[in-house]
Amino acid sequence: MRFIHLLVIGALIFAAAHVYRIKMDSTARTEKVLRLHAEIREQRDAIASLRAEWAKLDAPLRLQGLSDRHLSLKPVNGTQYDSLKNLPERPPRMFRPGEPDPIGAMLNTIEAASDPETVTGSVPQPEDNQ
């Protein structure tokens, strides 16, 4: 009978230690959650202040004053536009329709002549010592 009492007391001590460990873990996690909430609040406050500062810097009246002060812009007049008939002629084609583009052909020739093992013309691939 004495052995059963010692076994029950040992089980109670083990259960109490286990419950205490669970309590300490939950307390630590609660503190971590509270710290994270505080950090989130700080970040939201920082974002709000940055948005307010951006709104102040992006105000149209402020930008208008800065442009008037630092840029020598003039309003657009109706006489600054021209009709389409006064545009210059389109430049002549350098190749006939149906022929390949000469610049594209040169690029294709360069790509075909390049060594596919090199990354660029100045940086060779590392050689394998096998």
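Each remark here, short or long, concerns the structure printed above.
Every chain is numbered independently, its residues counted from 1 as its sequence is written. Local features in this predicted model are restricted to residues of pLDDT 70 or higher, and side-chain atom pairs are both shown and tallied only at a pLDDT of 80 or more, whereas totals for entire chains, interfaces and linings draw on every residue. Water and hydrogen atoms were dropped before computing side-chain values, which therefore reflect all heavy atoms in the structure.

Which parts of the structure should I look at to understand the overall build of the protein?
Counting secondary structure elements, the protein contains three helices and zero strands. For the protein, the N- to C-terminal ordering of α and β elements is α-α-α. Working definition: with a 1.4 Å probe on protein chains only, accessible area under 20% of the residue-type maximum means buried, over 50% means exposed, and in between means partly exposed. Burial status across the protein gives 0% buried among its 130 residues. Note on conventions: DSSP H or I runs of at least 4 residues are helices, E runs of at least 2 residues are strands, and numbering of each starts at the N terminus.

Honestly, a nonpolar patch on the surface in this entry has me stumped. Any pointers?
Taken together, the side chains of Met1, Phe3, Ile4, Leu7, Val8 and Leu12 present a nonpolar region at the surface, about 710 Å² in accessible area. For Leu7, the location among the structural elements is in helix H1 (residues 2-57). Accessibility expressed as a relative area gives 56% for Leu7, which makes it exposed. Patch membership needs two things, relative accessible area over 30% and no salt bridge, and members are linked within 9 Å if like-charged or within 5 Å if nonpolar (Val, Leu, Ile, Met, Phe, Trp, Tyr). Areas reported here follow the Shrake-Rupley algorithm with a probe of radius 1.4 Å; residue values treat only the protein chains shown as occluding. Salt bridges are defined by distance alone: a side-chain nitrogen of Lys or Arg within 4 Å of a carboxyl oxygen of Asp or Glu.

Honestly, helix H3 (residues 102-113) in this entry has me stumped. Any pointers?
Think of an α-helix as 3.6 residues a turn; residues three or four steps apart then line up on the same face. Between its first and last C-alpha atoms H3 spans 17 Å; for 12 residues at 1.5 Å apiece the expected length is 16 Å, and the two agree. Within H3, only zero of the 12 residues are buried, which leaves the element largely exposed. By definition here, a helix of n residues has an expected span of 1.5 Å times n minus one.

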